[in-house]
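# Structural overview for review
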Amino acid sequence: MKVFKRICLVLAAAFLMAGCKQEEDEFNGLVISSNSSFVEAEEEVTFCATFYKDGSADSNEVVNFCVESDSTGGAVLKSESAKSGEYVLLKVGTVAGGFVKVAAECNGYSAYKIFGVNPSEEILVSDKAIGFAGLGVDMSKMVNMVTVSTGSELKQYAKRGGYVIFVEGSIDMSEGILPAEGSVMDGSSATDKMNSFIASNSEYSTYDEWIKNTTNVSAGDNTGTTSISNAYKKIIQIAVANNTAIIGLDRGGYVRGGSFSVKDVSNVVIRNLSLKDAVDPFPHHESGDGWNAQHDLVSIDNGKNIWIDHCTFEDTLNLGKAANGEKWQVYDGLCDMKSTTTNVTVSNCVFKNHDKTMLIGSSDKDGENDPAARKISLFYNYWLNCGQRCPFVRNSLCHVLNNVYDSDSNRIYNSQTSINARAGSVVCAENNYFGTVASPNEAGGSISYSPNSNFNPESYYLYVTLENKNVKSWVNANAGAGKVCVQ
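Conventions and cut-offs
- Residues numbered from 1 in each chain as written.
- Predicted model: local features only at pLDDT ≥ 70, side-chain atom pairs only at ≥ 80, totals over all residues.
- Heavy atoms only, no water.
- Helix = DSSP H or I, 4+ residues; strand = E, 2+ residues; numbered from the N terminus.
- Rg over C-alpha atoms; globule rule 2.2 N^0.38 Å.
- Buried < 20%, exposed > 50% of the residue type's maximum accessible area, 1.4 Å probe, protein only.
- Contact = heavy atoms within 4.5 Å.
- Areas by Shrake-Rupley, 256 points an atom, 1.4 Å probe, with all protein chains shown as cover.
- Pairing = 2+ DSSP bridges.

### Some words on the overall build of the protein
Counting secondary structure elements, the protein contains 5 helices and 43 strands. Computed over the C-alpha atoms, the radius of gyration of the protein is 25 Å, within 12% of the 23 Å expected from 2.2 N^0.38 for a compact globule of 487 residues. Principal-axis analysis of the C-alpha atoms gives the protein an extent of 90 × 60 × 40 Å. Taking all 487 residues of the protein together, the buried fraction comes to 54%. Contacts spanning at least 24 positions in sequence make up 67% of the contacts within the protein whose residues lie at least 6 apart. Carbon and sulfur atoms provide 45% of the accessible area of the protein, an area that totals close to 21,000 Å².

### So, unusual backbone geometry
Here the residue pair Cys-390 and Pro-391 is connected by a cis peptide bond, since its omega of 0 degrees sits within 30 degrees of zero. For Pro-391, the location among the structural elements is in the loop between strand E34 (382-388) and strand E35 (392-393). Phi is positive for Asn-107, which is not a glycine, with a value near 50 degrees. Structurally, the position occupied by Asn-107 is in the loop between strand E10 (99-106) and strand E11 (109-117). Take Asn-107: its relative accessible area is 47%, and that puts it in the partly exposed class. The phi angle at Asn-402 is positive, at roughly 55 degrees, despite the residue not being glycine. Summarising the element assignment, Asn-402 is placed in the loop between strand E36 (397-401) and strand E37 (404-406).

### Describing the sheet that holds E11
Read across the sheet, 5 strands follow the order E3-E11-E10-E6-E8 without closing on themselves; strand pairing throughout is mixed. A single partner strand is all that each edge strand has here, and the edge strands are strand E3 (38-39) and strand E8 (81-83).

### Some remarks on the environment of Val-350
Note on placement: Val-350 falls in strand E31 (residues 350-356). Classification of Val-350 as buried rests on a relative accessible area of 11%. Remark: the alpha-carbon pair of Val-350 and Glu-368, spanning 18 residues in sequence, is separated by 30 Å. Once you skip the residues sitting within four places of it in the chain, Val-350 turns out to touch Cys-311, Thr-312, Phe-313, Tyr-382, Ala-479 and Gly-480.

Structure (structure tokens):
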């Protein structure tokens, strides 16, 4: 059954001593209400603050207002005071995706309301990052602009730093080595370029021959896989330097077969790209777990101030089996993070048809000395037909807000977990939609379903929770590459 799961952490006992009845005190204080938490840029939104005394609204009291913080660029209150229950107008600024925090005070009681400006229908180079990435991403450090249409150009400019790189059209980072989308990744679908690559980097002449000879081995034997896997990695890996933005042009750029490496760098933005098939045709053997891939679509290792937005991550190839009958896994993660990575936001993205989707923390020891240092925001993402790790979190603070988790008739993987909190992690999960998928689970970490004393995202940045009934439709309409134009 499809339900919204927003469950408050319960700290009090459920029952008192038998025969006793606890009476609740009548509410005293301020409540701010509004028909909408979002508005278009430079438009007005109405709200009211009602003062309650002994459980009843008191219309005689005066409420005072102020704009406590504003990232919309000039929000203005039309009145700084009003009678309790009277409507007040707020005009927001021009910055799409910005937020305004309005504070209210009456008789020693206080309350606040956050309003957001609807995201722009265009992607602008000047856009501000949201969530934790908004604390550090600085587009002004990307002083050069270039448009690329080939894999070699993309690699060349990505490693320079200081560039906004616009991706035009479709790029095949594998240079024709991968089979067509929808094929089975085994020897039967090998391309001529794959067989040529095998012949140049091994003792075998075809991919089929390589698979049959190399994977029909005893457990733990990786003879013949390491060197050729490294040779392929040199072709498909895109090393991203400091102060780099990579943005798909028009209705989204397309990069297939590549692996973006965001390692030991800061201030990186990846937006409006359709990213597919970070395939490792030469996986290595792990005892008890078959053959496993080494390449992620996006790998963030010791990265800081990273914003990934309006991208589509997807697998298209079907999996075969190794010659010895074991699992043959040519995909690793879609977007993995490890080491001292922090201030990362992944927003408005689609993660589709994948098993081990997003790993945050490579082991229980990764980040154990300072689990609050790794800070990740996951906003407005659509996780469709994903098996697990959406995300899998270790030793981190992770804010999972307004996401959709669902599956359809095209799924390949059974849903094992959605949000998975592990060693040392604290996950604040708010206002997410869970369709026909597994429930979140915790094992050594904690998941709260509203801000709590362990981790309150509001102490870091402003944000708005969507209306529950609108989460799925909003995310479905806005998430992924090609949903907005680039200017």
